[in-house]
Amino acid sequence: MNTSSPDVAPTSTMAIVQRTLTPRQRGMRRFLKNKLALFGIVTIALFLLFCFVGPLLYPTDQVHTDLRSTMLPPGSPGHPLGTDDVGYDILGRLMVGGQVSILIGLAAGVLATVIGTLWGAIAGYVGGIVDTVMMRIVDAGIAIPATFLLLILSAVLRPSVPLMICVIGLVSWLVPARLVRAESISLKSREYVLALRAMGGSHSRAVLKHVVPNTVGTIVVNATFQVADAILLVAYISFLGMGLQKPATDWGAMLTSGMTYTYAGAWWLIFPAGFCIVLTVCAFNSIGDGLRDFFDVKGRAA
């Protein structure tokens, strides 16, 4: 009489399949099972098409004002989402503003990640007084609100896209520096690093060839969050009126312009830009969560 459970064979088969998969394949399976991460990728892809390809299919004049077509509601002829207080087409302005917001967010996020990775890797690998001094600088930087620094710099300097990329990148590298430092402290005592040093390899080679590559999971996941935070920072300072000056714009600046007409019922000046900011930030955060599953070295079941 066969008393074995019918679930034993399928379970054994799944275990065999799990053992035959490489770590990257298991990570990809976990990533593909994360519906929010897939939604984030599709959303970002659609926003990139909307912002960078959309203006080619739906060209609008975002430089010259048209006072004869101001404050038109959505659905007006030639203006699917209406116009603003100086006659700019809202749909076209969303595309142009999205270019600026996404470009600054991506560039500033990458810059912050690169600086933070190198800073944290060097601090954790070298240790001692060097680590102490470098991390006290990080602690001092974290204690100062990034928005406060951005507002001061925006008031002193004329805002531009390259300047905002540099400024946001230079105030956002502190968190990745702490994360990478923690990883490098554990990595510097690994056998392959010790073997490299025993063979006469330099400290810079150990950091660049072993420490940094082995923290790639932490770096990539944090980079997605850095991009989302950078987009929010652009929106913050633009909403406070310290961002790019017209005719240039971004989604935060569109919110600022729309707030003037909140009580006039011009909802189309606020909700489209706000919706784009929220959806883009959530998409990048969802991708970050999915990448965390992908780089999960503990080998959770896929």
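Look up: the structure comes first, before these words.
All of the points below concern the structure found in this document. It should be emphasised that the depicted structure is a prediction, and the values quoted were computed from it without experimental measurement.

Conventions used here
- Residues numbered from 1 in each chain as written.
- Predicted model: local features only at pLDDT ≥ 70, side-chain atom pairs only at ≥ 80, totals over all residues.
- Heavy atoms only, no water.
- Helix = DSSP H or I, 4+ residues; strand = E, 2+ residues; numbered from the N terminus.
- Buried < 20%, exposed > 50% of the residue type's maximum accessible area, 1.4 Å probe, protein only.
- Contact = heavy atoms within 4.5 Å.
- Salt bridge = Lys/Arg side-chain N within 4 Å of Asp/Glu carboxyl O.
- 1 Å grid on protein atoms, 1.4 Å probe; cavity = no way out; pocket = protein on both sides within 12 Å on 5 of 7 lines; lining within 4 Å.
- Points joined across faces, edges and corners; volume = space filled by probe spheres on them.
- Nonpolar A, V, L, I, M, F, W, Y, C, P; charged D, E, K, R; others polar.
- Polar contact = N/O pair within 3.5 Å; in protein donor to acceptor, adjacent residues only side chain to side chain.
- Core = buried A, V, L, I, M, F, W, Y, C linked by side-chain atoms within 4.5 Å.

Per the secondary structure count, the protein chain includes 13 helices and 0 strands. Along the protein chain, helices and strands appear, N-terminal first, in the series α-α-α-α-α-α-α-α-α-α-α-α-α. Across the 302 residues of the protein chain, 42% fall into the buried class. Summarising the internal contacts of the protein chain: among those between residues at least 6 apart in sequence, 72% fall at separations of at least 24.

Okay, the pattern of salt bridges next. Side chains that carry opposite charge are capable of pairing whenever their charged atoms lie near each other. Counted by the stated rule, this structure contains 5 salt bridges. Linking aspartate 131 and arginine 181 is a salt bridge whose minimum nitrogen-to-oxygen distance equals 2.7 Å. Of this pair, aspartate 131 sits in helix 5 (residues 128-143) while arginine 181 sits in helix 8 (residues 174-187); the two residues are 50 residues apart in sequence, bridging distant segments of the chain. Its relative accessible area of 10% is what places aspartate 131 among the buried residues. When its relative accessible area of 24% is taken as the criterion, arginine 181 is described as partly exposed. Here arginine 292 ties to aspartate 289 by a salt bridge, and the two come within 2.9 Å at their closest N and O atoms. You can see arginine 292 and its partner aspartate 289 sitting in helix 13 (residues 271-294), 3 residues apart, about one turn around the helix.

On inspection of all chains with the given rule, the structure shows 1 cavity of 30 Å³ or more. As for the largest cavity, its lining consists of Leu150, Leu153, Ser154, Pro159, Leu163, Met164, Val167 and Ile237. Of all the secondary structure elements, the ones that give two or more residues to the lining of the largest cavity are helix 6 (146-156) and helix 7 (161-171). A per-class count over the lining of the largest cavity returns 7 nonpolar, 1 polar and no charged.

One can find tryptophan 268 in the loop between helix 12 (251-259) and helix 13. Between the alpha carbons of tryptophan 268 and glycine 82 there is a distance of 7.1 Å; along the sequence they are 186 residues apart. Those residues in contact with tryptophan 268 that lie beyond four places of it in its chain are Met71, Leu72, Pro73, Pro74, Leu81, Gly82, Thr83 and Ile90. For tryptophan 268, the side chain forms a polar contact with the main-chain oxygen of leucine 72, separated by 3.4 Å.

Turning to the side chain of asparagine 222, a few remarks are in order. The topology assignment puts asparagine 222 in helix 11 (residues 216-239). Apart from residues lying up to four places away in sequence, asparagine 222 is in contact with Val175, Pro176 and Leu179.

The next subject is unusual backbone geometry. Among all residues save glycine, negative phi is the norm, and among peptide bonds the norm is trans. Phi at methionine 71 is positive, roughly 55°, even though this residue is not glycine. Of note, methionine 71 is situated in the loop between helix 3 (35-57) and helix 4 (90-126). Methionine 71 sits in the partly exposed class, given a relative accessible area of 25%.

With 30 residues, the main nonpolar core has Ile90, Leu94, Trp251, Met254, Ala273, Ile277 and Phe284 as its most contacted residues. The set of elements that each furnish at least two residues to this core consists of helix 3, helix 4, helix 11, helix 12 and helix 13. Ranked by residue count, the leading element in this core is helix 13, at 9 residues. Excluding its chain neighbours within four sequence positions, the residues that come into contact with methionine 254 are Ile90, Arg93, Leu94, Thr249, Leu269 and Ala273. Membership of the second largest hydrophobic core comes to 14 residues, among which are Ile104, Leu150, Val167 and Leu233.

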